[in-house]
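The residues making up each chain are set out below.
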There are 4 protein chains.
Amino acid sequence: MIKAGILGGSGYGGSELLRILLFHPQVEVALVTANEHAGKRVDSVHPNLAKLTNLKFESMPDPGALEDLDCVFLALPHGQAMEIAPSLPRTVKAIDLSGDFRLNDAAKFKQFYGREHPAMEAQREFVYGLTEVNRNQIKEATRIANPGCFATALELGLFPLLASGLVKGKIIADMKTGSSGSGAKAAANTHHPKRANSFYAYKVFEHQHQPEVEQLLSSVSPQWSQCSLVFQVHSIPVVRGIFASIYVTPAKPMTHDEVGNLFREFYSNEFFIRLVEGSPDINWVKNTNFVDIGWAASDDTVIVFVALDNLVKGAAGQAVQNMNLMFGIEERTGLVLPGSNP
Amino acid sequence: MIKAGILGGSGYGGSELLRILLFHPQVEVALVTANEHAGKRVDSVHPNLAKLTNLKFESMPDPGALEDLDCVFLALPHGQAMEIAPSLPRTVKAIDLSGDFRLNDAAKFKQFYGREHPAMEAQREFVYGLTEVNRNQIKEATRIANPGCFATALELGLFPLLASGLVKGKIIADMKTGSSGSGAKAAANTHHPKRANSFYAYKVFEHQHQPEVEQLLSSVSPQWSQCSLVFQVHSIPVVRGIFASIYVTPAKPMTHDEVGNLFREFYSNEFFIRLVEGSPDINWVKNTNFVDIGWAASDDTVIVFVALDNLVKGAAGQAVQNMNLMFGIEERTGLVLPGSNP
Amino acid sequence: MIKAGILGGSGYGGSELLRILLFHPQVEVALVTANEHAGKRVDSVHPNLAKLTNLKFESMPDPGALEDLDCVFLALPHGQAMEIAPSLPRTVKAIDLSGDFRLNDAAKFKQFYGREHPAMEAQREFVYGLTEVNRNQIKEATRIANPGCFATALELGLFPLLASGLVKGKIIADMKTGSSGSGAKAAANTHHPKRANSFYAYKVFEHQHQPEVEQLLSSVSPQWSQCSLVFQVHSIPVVRGIFASIYVTPAKPMTHDEVGNLFREFYSNEFFIRLVEGSPDINWVKNTNFVDIGWAASDDTVIVFVALDNLVKGAAGQAVQNMNLMFGIEERTGLVLPGSNP
Amino acid sequence: MIKAGILGGSGYGGSELLRILLFHPQVEVALVTANEHAGKRVDSVHPNLAKLTNLKFESMPDPGALEDLDCVFLALPHGQAMEIAPSLPRTVKAIDLSGDFRLNDAAKFKQFYGREHPAMEAQREFVYGLTEVNRNQIKEATRIANPGCFATALELGLFPLLASGLVKGKIIADMKTGSSGSGAKAAANTHHPKRANSFYAYKVFEHQHQPEVEQLLSSVSPQWSQCSLVFQVHSIPVVRGIFASIYVTPAKPMTHDEVGNLFREFYSNEFFIRLVEGSPDINWVKNTNFVDIGWAASDDTVIVFVALDNLVKGAAGQAVQNMNLMFGIEERTGLVLPGSNP
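Rules of the game
- Residues numbered from 1 in each chain as written.
- Chains lettered and ligands numbered in written order.
- Predicted model: local features only at pLDDT ≥ 70, side-chain atom pairs only at ≥ 80, totals over all residues.
- Heavy atoms only, no water.
- Helix = DSSP H or I, 4+ residues; strand = E, 2+ residues; numbered from the N terminus.
- Buried < 20%, exposed > 50% of the residue type's maximum accessible area, 1.4 Å probe, protein only.
- Contact = heavy atoms within 4.5 Å.
- Salt bridge = Lys/Arg side-chain N within 4 Å of Asp/Glu carboxyl O.
- Buried area = accessible area lost by both parts, 1.4 Å probe.
- Phe/Tyr/Trp six-rings, centres within 6.5 Å; stacked < 30°, edge-to-face > 60°.
- Lys NZ or Arg CZ within 6 Å of the ring centre and 35° of its normal.
- Pairing = 2+ DSSP bridges.
- Right-handed = clockwise from strand over helix to strand, strands pointing away.
- Least-squares fit on C-alpha atoms with pLDDT ≥ 70 in both.

A. Local environment of the overall build of chain A. Across its full length, chain A carries eleven helices and 13 strands. With respect to the principal axes defined by its C-alpha atoms, chain A has extents near 60 × 45 × 40 Å. Here chain A, with 342 residues, has 67% of them falling under the buried criterion. Residue pairs at least 24 apart in sequence account for 69% of intrachain contacts in chain A once pairs closer than 6 positions are excluded.

B. Main features of the pattern of salt bridges. A complete count under the given rule lists 68 salt bridges over all chains for this structure. Its salt-bridge partner being A:Arg135, residue A:Glu331 comes within 2.8 Å of it at the nearest N-O pair. One end of the pair, A:Glu331, is in the segment after helix H11 (312–326); the other, A:Arg135, is in helix H6 (residues 131–140), with 196 residues separating them in the sequence. The class of A:Glu331 is buried, set by a relative accessible area of 15%. A salt bridge links D:Arg240 to D:Glu16, with the nearest nitrogen and oxygen atoms 3.0 Å apart. One end of the pair, D:Arg240, is in the loop between strand S9 (227–235) and strand S10 (242–250); the other, D:Glu16, is in helix H1 (residues 12–21), and 224 residues separate them in sequence. D:Glu16 carries the same exposure label as D:Arg240, and that label is buried.

C. Broad picture of the interface of chain D and chain A. Contact residues are listed per partner, giving 42 residues for chain D and 40 residues for chain A. Regarding the contact of chain D and chain A, the summed buried area is about 3100 Å², with carbon and sulfur atoms giving 66% of it. When residues of chain D are sorted by the area they lose upon contact with chain A, D:Phe199, D:Phe205 and D:Tyr247 head the list and together hold 19% of the total. Mapped onto the side of chain D that touches chain A, the elements with two or more residues apiece are strand S7 (167–177), helix H8 (192–195), strand S8 (200–202), S9, S10, strand S12 (291–297) and strand S13 (302–308) of chain D.

D. The packing of aromatic side chains, seen in detail. Under the definition given, this model contains 50 aromatic pairs over all chains. Between C:Tyr200 and C:Tyr202 the ring centres are 6.4 Å apart and the planes differ by 55°, which places this aromatic pair in the tilted class. Residue class for C:Tyr202 comes out partly exposed when judged on its relative accessible area of 23%. Here the aromatic residues A:Phe199, A:Phe243, A:Phe305, D:Phe199, D:Phe243 and D:Phe305 are joined through ring pairs into a cluster of three or more. The ring of A:Phe271 has A:Arg332 sitting right over it, with the charged end atom 3.9 Å from the ring centre. A cation over an aromatic ring shows up here: C:Lys194 above the ring of C:Tyr200, its NZ or CZ 4.8 Å from the ring centre.

E. Focus on the pairing of strand S1 (residues 2–7) of chain B. All names here are of chain B. Burial within S1 is extensive, with five of its six residues counted as buried. The pairing of S1 with strand S2 (residues 27–33) spans six bridges and is classified as parallel. In the sheet register, Ile-2 faces S2, and the bridge partner there is Val-27. What joins S1 to S2 is helix H1 (residues 12–21), and the crossover it makes is right-handed. Direction of pairing for S1 relative to strand S3 (residues 71–74): parallel, over a ladder of four bridges. If you follow Ala-4 over to S3, its bridge partner there is Cys-71.

F. Main features of the environment of C:Glu140. Relative to the helices and strands, C:Glu140 resides in helix H6 (residues 131–140). In this structure the C-alpha to C-alpha distance between C:Glu140 and C:Gly328, which are 188 residues apart in sequence, comes to 9.6 Å.

G. Broad picture of the relation of the copies chain D and chain A. Structural alignment of chain D on chain A gives an RMSD of 0.0 Å, achieved by rotating through 180° and translating 0.0 Å along the axis. Viewed as a symmetry operation, the transformation between the two copies matches a two-fold axis. In this assembly the copies share their binding face: 95% of the residues contributing to the interface of chain D also contribute to that of chain A.

What follows is the structure, given as structure tokens:
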């Protein structure tokens, strides 16, 4: 059994880690922290877990004292993991769900996160945990920077085309997310009376997931220097789901079938990627680790549509998928979560 | 022209007063206050009003210095009106949308609002502004305590039966409200990810609207001493709307038609009350000052269903309806707001 | 392995049976029918199941030819099971999710379902499948009439009080349901533009679940003749969830704690019943087989609040719970479905 | 008074025309047709209008017999207006809300609408009713083809840039719409259980509004031949609202302020266009005739965001705006519909 700890268990990342790990046949959840709820039962904060766990939240321990654990998930607000991670015992594998360790370029980090990175040395040990692309490195890693939710959608949608050198020019990524992407704390932009009938864009030209996408894609694409990325996010009034509409100019004209064949070639052995005719729908991936991808091609444009659940494949699910790889377990263990209709 | 002021214009009560008063043909909005937004344009807080007003928020003035106004609406958080109202010039008519002046029993106030009332002397000048029931007193009033949203629904649903002495025993009022009833400030219970798929009860046996309903109904009912009221509220994941299901034991058996005739007798001249066959639906009253009422009768039970918009007939709309009466204007002026389909 | 068949697999009952049974460790789904989709892959109708099954829909076979199966679930439109069930082989256990076999009184059936029952002889073999109440009979049964969604909520909310003889007089059951209760076929009352902002009552005094509730409760209550039931349903604009607010007059005054102790006495060993302080919320039971129950007591009223997922404990989940009992399997097998936050 | 008729008054276009025209100070609604509801009160189909009209639906009359009317609105399903319009008396002004007369190219019509156009001769009398662009022609017109909802958003978002020759290359229009865009008839894609948690793309590369946009834009742009348009629509689970994210490559680099100045130059006198800092939000235009436009610029990309209500500025509101022009009335008459917060 893998003894796992969740640092930051009261947010939605932690909530979803618990939903998955409590039922993972090879994991024992040995620690869940939440300073403001220390001493309280986990199901007092996550009533969905009543009858399913007797765990209680604990205060954040000294990170250096966690050597009893085999694996630690950091599901903390952005900025906290980079304070803690360098002190974790080297024997403990760590998966960070925040953006703290995704960027290997300190200048980019400062530009997009607004502060100096205090632990770039530690950052170099982190492997970017986009499972389907970096599987082999993840297997060997002890530190994982789990990708952002938007980034996962965009990277998986573009990987086959870019890795094949089939894209040129400007890529337009029009992304949409549900409200759970804003986290578990109430805020003006998630106030129900305001949000329920809204749709709007935000973080124009400045979303912090853009540089991690560029970093990943440039590493897999032979022609990235000929591409550029416009990355724009919007809010949908649903709770869960990322939907990406990605507009690409193909380096040479491609038919619908050619695009489909390319995606099948890259992804036909990927259990969590489902290639769909027509458009995917966030409705069919909610609560699951699946990524549904559709596509279309005209003379000079290929559109790729990607749908995933921002809290599962976009966060906790992919984190567990990476943990499975790191511990040599079958990758889908604990993650075959069926969605529902309706 | 009536020179009107809105004290507390940044919340939903103030927002709806503005939506109505800015288009009222006999009103000039001369003042809108919001301390935290003082100096800002009103449409920076209420973007729906862009192009419709150039007003700016002002700080709360000395209430005694408002003698230039003809009418003041107090749309302040509960507890503030009772500090301010006693200082308002006697020449200025005042309509309070909060619960501060609804109860004429200091002990009840303390029980349900959790504090001593500092201005019970001033309270005696307030008329309870349930327009359809207290119209004549409202015409003569200079101070109005505007009814609560739940209370308006329940009182209008019960008035014909109770005033006719046709009810005995326990009345069950199962009430439901949309999220805008919680106000414009973000809070845990209106966090979109939590609220969007929820339905739950709250304030069991302790809602502060219960005593105002009992006070009003006891004043109109010859047999109130033989009745009791169970008042239970719930949250619906919509933005606007109150729906009340009221279960009554008739003093003598009544048919569906007899109940209908009774409601028609009481309300056929009431423009804002619409009697419907079957159930009303909050969908058809949203954004309007209408109250839709349906009913059904079996051998020993009469059910009355009431739907209204908590922010219009349940707050700002009824306040303006009362203002119209106080100033001798046709009652529906500025309030013929059509709902929409869909 | 139990060889199971699902007759009527394209609706929401069938969809949820598949979501559960495909992962049930002791079940093999050997047959799924849907005449209008015969020959098509199941995941073409339920895209949530893509990658999770290769099953195809079949046409409805001759019921008499199903002797290869161990268990059949009938998830058909109301009125079809009563045509088919009498022809099923006696060796095949059958669980009907419709209302066809719930009532043992032919006259009541005709009154509420609007037609003569063609198979009252067969009906006598059916056990009413309210697991927590009828567990012992279910274990011995070969035919189960699975309870209605509203009925399950109401019966479980009232059982402890009624079985203890603690209720007198009129019981008011104010029930609310999400839109999936209307089934998978598009209809005017589930048209999104109409439904999204609505709340309304329907089937006043005539809901077909009322007689099954009265039948069950009269069988467990020593004082049912002194009680009567008002059963009123409403529509909430969410997809999943039943919420029942049940208002009861206690035969003698009860405190909050006394009510709580009673519920704990009856339900503390029931895995799928969770007793909650305050109100339950449909948000915490969605997608699960849990029933969350809260309560409150005043001098002369006890309110019981019940929340469950209409498609799981209110349909497919309870059906599988009953199957487990019928086959001597641990009752919760395949049903420990965690809900999610959010 | 303008005697107006609405042909097809039971759908959402008709519903919104009624909501506006019944309160238009210079219009008398003299006729509303709906064959399947002939003889029924209008408020039996549109309960929002109870107490606001006593009109009844009539059967579709012989179009040639409508000479008593001054103006006819055709709010019919696509394909019916082109059968009727040629028979309308020449003295009656007509505004068609469908797509029947928008395209002046018979081949394009066939390609996108799937049938031969039977009345291209009549089509030549129609002016495309994009008010802000074609105002002068509309004033002189007797026949108006009212723009599509997506087309209105896209055309108004692009007009200043294209008319100024500031765009080159591919334009990506990522469009999103609420469910009311699918009309008042229940259908699988608007079934509430399916739609409430969904977001998906549809009509990939084939939406019928694309050619009308290309037709309009090519007529105003000096450099249209250097541009191309990718037009992609998606479904949002809200009732009302169009949101367009339009990605453009500027012919020469433009700053944020330069784009803003351009939009101000074109639109500062347009009452119904509101230029906003940051992103617009469909929440602030719902139920109104306003179009909210925001923008952003980077080195090589300009993004324009447009929000409008698909049933008002995208249909009935713009139709009335055009009627006002055609009859020499102040353009905003009857259309100063305030939105609401929330």
